[in-house]
Amino acid sequence: MRKYFAVFTMQIINNLAYPGDFLGRSISIGIFLFIFAGLWKTTFTIAGTDSINGLTFANMMWYLMMAETIELGRPRINRIISEQVKNGEVAYILSKPYNFVLYHFSFGLGDGVMRIIVNLIVGLGVTWILAGPPPTALGWAMALVTMIFAWILHFCMMALIGLAAFLVEETNSFELIYQKLVFILGGMLLPLDMFPVWLQQIARLLPFPYMMYAPARLFVKPDFDLFWQMLAGQLIWVGILVFALSVAYRGSEKMLTVNGG
Amino acid sequence: MSAIEVTNIHKTFQTKRKAAGLRASTRALFKPEYSTVDAVRKLSFQMEAGEVLGFIGPNGAGKSTTIKMLTGILHPTDGEAKVLGYVPWKERQKLAFHIGTVFGQRPQLWYHLPAIDTFTLFGKIYELDDRETQKRIDFLCEAFEIRDLLETPVRKLSLGQRMRCEVAASLLHRPKLILLDEPSIGLDVVAKQHIRDAIRRMNQEEGVGVLLTSHDAGDLEALCKRVIIVNHGQIVYEDKVSNLKRKHLTTKLVEVRYAQEVPADFHLDGVEILKVGRYGVKLRFDTNQTPVDTVMSHLSNVGELVDITISDPPLEEVIAKVYKEGPA
């Protein structure tokens, strides 16, 4: 475990090498929140109501902040793997005594933790100004727990897409499709509560709500029933995806061709 | 015990083929055409523990592919190999503790951080304890003369400085064998010399085996006792470097200067005259056909010699000749 922890800290140090660039990237969450604040304010005014399907303007804003934090902090492992396959760097990663997938997990976590912390700080400040004080401590607790599993689920999906790079090298298009699924069925753009019931039911059978909706919704409206449901769903999907990932990894290892040299 | 044993290893790649232009690209979308390339063809060789073996060949000869199979990154299409007793593609992780790798064209040091950070990270990855890592870093600093470079971000180092750090990093865990894929590529003469000296020293002091691919004959001369020359995925030559020179370095270049003018019709049997100047002559001959002695006495008969230079053609030419002659 020590080696994986070392990779994790190394990537944190790496992020600190360019603090300006790193902080610059966190501006985007502020911009998103600002735009959506305007959008939601207009929506609520036109609808002439304080809450839509049980969610107030403040709820919507804090929901969005949490969802954006997760989206911006999710690992970009597929891009890194396809870059490494294309430029041949994968040869080094594979010729060291560690597990390829766990290496990328630690590496991605180093990035993720840094981005999530910075985005939470910026998001907290901006949302507080736009929509008033944040949710309760219980909301924070439930969000943080489900966020960990959400991050693991994102990692598994991105790693599965990344392993496709061993075969097809370029994986951006898969990521794009995946991202749109999370946007809609994961409840990133709109909380699932806004959807018709049949669509909510379909979405809950898929892994996407557990990656985005779960922490964001529990954050703004903590609820023990929903918490256990979501946690159970997350654990089931972690099991399925970890299994899929290990099978895919063993298969793709043999397919790898390393460019150049 | 042999460090490396390779028997009939074969690697075939499939590549998509596509003619130029839009129409061909569209056709390739629906009906892709594949061509198979045999990057490595039934290669067999051995390497002893502690040996420095040169693996030489032109671009695309299959050198890197062979190295990648020996580290376990690529699965061969056919054939067997054992590296330090492990089958690389089956026991890659176990093998990884005992070998070091440098792929000259790609960095393994973290680009934005000082090399020292990568060194300590590698210490943990190879499961060394911190004190051991520190001792090892001190030793490598001295051997590779990199102490002053360790705290500079890698991106700010020159290529030569970076390569010294790269090779040093691959030796951190005291591997029994290092595989160096083009370690001197792109380096200037001095930087090459630096790297070679350090590698030679590590081989002599620690007995680390070195398998070195290169297309620079200088690496060969400076480091290797034995050489394997590959072309088109096959071994075309395998012998001691000294034998390579003896058997194939048979032509001599001679330049002479005389005290008086050289006759315009200067000529010698069995000797190719390259240039006749007013006071000097440049010529080439094959020692198997014309003995050195004969040429020398002829030359001194012509007139009073002021200066004479005899040289061998560069090893590169010799190797190029071996490529052309094909498998021995």
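If you're wondering where the values come from, they're calculated on a predicted model, not measured in any experiment. (Residues numbered from 1 in each chain as written. Chains lettered and ligands numbered in written order. Predicted model: local features only at pLDDT ≥ 70, side-chain atom pairs only at ≥ 80, totals over all residues.)

**Some details on the overall build of chain A**
From N to C terminus, chain A includes 13 helices and 2 strands. Computed over the C-alpha atoms, the radius of gyration of chain A is 19 Å, within 12% of the 18 Å expected from 2.2 N^0.38 for a compact globule of 261 residues. Judged by the C-alpha coordinates and their principal axes, chain A covers about 65 × 40 × 30 Å. Relative to its 261 residues, chain A shows a buried fraction of 41%. (Helix = DSSP H or I, 4+ residues; strand = E, 2+ residues; numbered from the N terminus. Rg over C-alpha atoms; globule rule 2.2 N^0.38 Å. Buried ≥ 20, exposed ≤ 12 C-beta atoms within 10 Å, placed from the backbone.)

**A look at the sheet that holds strand 9 (residues 234-240) of chain B**
Residues and elements named next belong to chain B. In spatial order, the strands read 5-6-7-3-8-9; together these 6 strands make up an open sheet with mixed pairing. In this open sheet, the two edge strands, each paired with only one partner strand, are strand 5 (99-103) and strand 9. Each strand axis lies, on average, 15 degrees off the axis of its neighbour in the sheet, ignoring direction. Relative to strand 7 (residues 209-214), strand 6 (residues 177-181) runs parallel, the two sharing 5 bridges. Bridging across to strand 7, Ile-178 finds its partner in Val-210. Contacts from helix 6 (residues 159-170) reach strand 5 and strand 6 within the one sheet, and its direction differs from that of strand 5 by about 160 degrees. Along the sheet, helix 9 (residues 241-248) contacts strand 8 (226-231) and strand 9; its crossing angle with strand 9, the most-contacted strand, is approximately 100 degrees. (Pairing = 2+ DSSP bridges. Axes fitted to C-alpha atoms, helices over the stretch in contact; angles between N-to-C directions. Contact = placed C-beta atoms within 7 Å.)

**Some remarks on the domain arrangement of chain B**
How large an interface is tends to be reported as the accessible area lost when its parts come together. Splitting chain B by domain gives domain 1 (2-8 + 41-246) and domain 2 (250-311). Taken over C-alpha atoms, the centre of domain 1 of chain B sits 44 Å from the centre of domain 2 of chain B. (Domains from an automatic or database assignment.)

**Some words on the interface of chain B and chain A**
Listed per partner, the contact involves 25 residues of chain B and 24 residues of chain A. Breaking the side of chain B that touches chain A down by element, the ones donating at least two residues are helix 2 (63-70), helix 3 (92-96), strand 5 and helix 4 (115-125) of chain B.

**Quick look at helix 6 of chain B**
Residues and elements named next belong to chain B. Between its first and last C-alpha atoms helix 6 spans 16 Å; for 12 residues at 1.5 Å apiece the expected length is 16 Å, and the two agree. With 10 of 12 residues buried, helix 6 is to be regarded as a mostly interior element. Buried within helix 6 we find Gln-161, Arg-162, Met-163, Arg-164, Cys-165, Glu-166, Val-167, Ala-168, Ala-169 and Ser-170. Looking at the packing, one finds that the buried side of helix 6 touches strand 5, helix 4, helix 5 (130-144), strand 6 and helix 7 (189-206). (Expected span 1.5 Å × (residues − 1).)

**Section: the packing of helix 5 (residues 77-87) of chain A against helix 8 (residues 137-163) of chain A**
All names here are of chain A. At a minimum axis distance of 7 Å, the contact between helix 5 and helix 8 shows a crossing angle of 25 degrees. Between helix 5 and helix 8, the crossing angle belongs to the class labelled roughly parallel. The interaxial crossing formed by helix 5 with helix 8 has right-handed handedness. Here Ile-77, Asn-78, Ile-81 and Ser-82 of helix 5 lie close against helix 8, whose contacting residues are Phe-155, Met-158, Ala-159, Ile-161, Gly-162 and Leu-163. For the contact of helix 5 with helix 8, the per-class residue count stands at 7 nonpolar, 3 polar and no charged. (Parallel < 35°, antiparallel > 145°, perpendicular 65-115°, else oblique. Left-handed = near helix turned anticlockwise from the far one by under 90°. Nonpolar A, V, L, I, M, F, W, Y, C, P; charged D, E, K, R; others polar.)

**Re the packing of helix 3 (residues 27-47) of chain A against helix 7 (residues 100-131) of chain A**
Residue and element names in this part refer to chain A. Their axes nearest at 9 Å, the elements helix 3 and helix 7 cross at an angle of 25 degrees. Classified by the angle their axes make, helix 3 and helix 7 are roughly parallel. Handedness of the helix 3/helix 7 crossing: right-handed. Contact with helix 3, carried on its side by Ile-29, Gly-30, Leu-33, Phe-34 and Ala-37, involves Asn-119, Val-122, Gly-123, Val-126, Thr-127, Leu-130 and Ala-131 of helix 7 and no other residues of that element. Its residues assigned to classes, the contact of helix 3 with helix 7 comprises 8 nonpolar, 4 polar and no charged.

**Quick look at the nonpolar core**
Among the nonpolar cores identified, the biggest contains 140 residues, and Ala-150, Leu-153 and Met-212 of chain A are the most heavily contacted of them. For this core, the leading source of residues is helix 8 of chain A, giving 16 residues. (Core = buried A, V, L, I, M, F, W, Y, C linked by C-beta atoms within 7 Å.)

**A short note on the sheet that holds strand 13 (residues 305-311) of chain B**
Residues and elements named next belong to chain B. Pairing in this open sheet of 4 strands is antiparallel, and the strands run 11-12-10-13 from one edge to the other. Lying at the two open borders of the sheet, with one neighbouring strand each, are strand 11 (272-276) and strand 13. Strand after strand, the sheet turns through a mean of 15 degrees between neighbouring axes, direction not considered. With 4 bridges connecting them, strand 11 and strand 12 (residues 280-286) associate as antiparallel partners. The partner of Glu-272 across the bridge, within strand 12, is Arg-284.

**Some points on helix 4 of chain B**
Among the 11 residues of helix 4 of chain B, 9 are classified as buried, and the element is accordingly described as predominantly covered. Those residues of helix 4 of chain B lying buried are Ala-115, Asp-117, Thr-118, Phe-119, Leu-121, Phe-122, Gly-123, Lys-124 and Ile-125 of chain B. Looking at the buried side of helix 4 of chain B, the elements it contacts are helix 1 (2-16) of chain A together with helix 5 and helix 6 of chain B. Two residues or fewer after helix 4 of chain B comes Glu-127 of chain B, characterised by a positive phi angle close to 60 degrees.

**Looking at the environment of Val-190 of chain B**
With respect to the helices and strands, Val-190 of chain B occurs in helix 7. For the pair Val-190 of chain B and Gly-160 of chain B, spaced 30 residues apart in sequence, the C-alpha separation works out to 8.7 Å.

**Thoughts on unusual backbone geometry**
Where the residue is not glycine, phi is negative for most of them; where a peptide bond is considered, it is trans in most cases. Residues and elements named next belong to chain B. At Leu-84, a residue that is not glycine, the phi angle is positive and equals roughly 50 degrees. Looking at the element boundaries, Leu-84 is found in the loop between strand 4 (78-83) and helix 3. Unusually for a residue other than glycine, His-232 sits at a positive phi of about 50 degrees. The topology assignment puts His-232 in the loop between strand 8 and strand 9. Under the C-beta neighbour-count criterion, His-232 is labelled partly exposed, with 17 such atoms within 10 Å.

**Details of the pairing of strand 12 of chain B**
The side chains of a regular strand alternate between the sheet's two faces. Residues Val-281, Leu-283 and Phe-285 of chain B point to one face of strand 12 of chain B and are all buried, whereas Gly-280, Lys-282, Arg-284 and Asp-286 of chain B, pointing to the other face, are not buried. In sequence, strand 11 of chain B turns back onto strand 12 of chain B through a hairpin of 3 residues.

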